[in-house]
Amino acid sequence: MELLTERLRLRASLPADHLAQFEMNLDSEVMRWLGGPQSAAKTLAEMEYNDRTLAEFGYGKVAIERRSDGAFLGICGLSVENWYPDDLEIGWRLLPRHWGQGYATEAAKAWMSHGFSTLGAKRLISITDLPNQRSIAVMQRLGMRFDHFAGLEIDGDRFDAVIYALGVNEFGQPA
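A brief report on the enclosed structure follows. (Residues numbered from 1 in each chain as written. Predicted model: local features only at pLDDT ≥ 70, side-chain atom pairs only at ≥ 80, totals over all residues. Heavy atoms only, no water.)

1. Concerning the side chain of S79
Take S79: it is sitting in strand β4 (residues 72-79). When its relative accessible area of 8% is taken as the criterion, S79 is described as buried. Polar side-chain contacts of S79 include one of 3.0 Å to the side chain of K61. For S79, the contacting residues outside a window of four places in its chain are Y59, K61, D87, L88 and E89. (Helix = DSSP H or I, 4+ residues; strand = E, 2+ residues; numbered from the N terminus. Buried < 20%, exposed > 50% of the residue type's maximum accessible area, 1.4 Å probe, protein only. Polar contact = N/O pair within 3.5 Å; in protein donor to acceptor, adjacent residues only side chain to side chain. Contact = heavy atoms within 4.5 Å.)

2. Re the pattern of salt bridges
Enumeration according to the criterion identifies 15 salt bridges in this entry. Across the pair E46 and R93 runs a salt bridge, and its minimum N-O distance is 3.1 Å. Taken as a pair, E46 in helix α2 (residues 40-57) and R93 in strand β5 (residues 88-94) lie far apart in primary sequence, 47 residues in all. Summarising the burial analysis for this pair, E46 and R93 share the class buried. (Salt bridge = Lys/Arg side-chain N within 4 Å of Asp/Glu carboxyl O.)

3. What to know about the pairing of β5
Counting buried positions along β5 gives 7 out of 7 residues, so the element sits mostly inside the fold. Burial along β5 is two-sided: L88, I90, W92 and L94 and E89, G91 and R93, pointing in opposite directions, are all buried. Bridge count between β4 and β5: 6 bridges; the pairing is antiparallel. Opposite G77, over in β5, you have G91 as the bridge partner. Two strands pair when backbone bridges link them, and β5 and strand β6 (residues 123-129) are joined in this way by 2 bridges, in the parallel orientation. By the bridge assignment for β6, L88 is matched with L124. (Pairing = 2+ DSSP bridges.)

4. A closer look at the sheet that holds strand β3 (residues 61-66)
Whenever strands of a sheet pair, they do so through backbone hydrogen bonds, lying parallel or antiparallel. Spatially, 8 strands are ordered β1-β2-β3-β4-β5-β6-β8-β7 in an open sheet, and the strand pairing comes out mixed. Strands with a single pairing partner mark the edges of an open sheet, and in this sheet they are β1 (2-4) and β7 (145-154). Sheet twist, expressed as the average angle between the axes of neighbouring strands with direction ignored, equals 30 degrees. As paired strands, β7 and strand β8 (residues 157-167) are joined by 9 bridges and run antiparallel to one another. When the sheet's bridge partners are listed, G151 is paired in β8 with D160. Relative to β4, helix α1 (residues 18-26) is tilted by about 75 degrees, and along the sheet it contacts β4 and β5. Strand contacts of α2: β3, β4 and β5, with the helix running at about 95 degrees to β3, the strand carrying the most contacts. (Axes fitted to C-alpha atoms, helices over the stretch in contact; angles between N-to-C directions.)

Listed below in structure tokens is the structure:
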């Protein structure tokens, strides 16, 4: 399965993506709000998990490839997070050299459309650390609205999160 946008191909991981994804997940700025740099072994396990969920359920956080040159830009997609098992969460992660070019928003819109139209989701959420203004700005560009604050925990580390949401009836409407 793959999703296409004007500039992007969203698809399962390829072996050629591994080095770029390892680089992305070792970058302290990329991983600042995601628990810190991640080992190659953990990155590979994450890629395999996302590819399995894509094959089994039709969603996962998978590769963003630029169609014009095949460059790996990052990952984007849908997942079910332990804190909100009844919702699909939209998330993204890009290499810093690809920030600020609208790729996260473009990729997330394609996944949102897939979530609502193909998977039948009634609502999608997005979660980030409260200080992560770059991700909050993407959420707002997607038309998502503030839903609530929450204290969440990953591997024993607590963080203050902000959750944005968008209902199926709001998708495609101006923010």
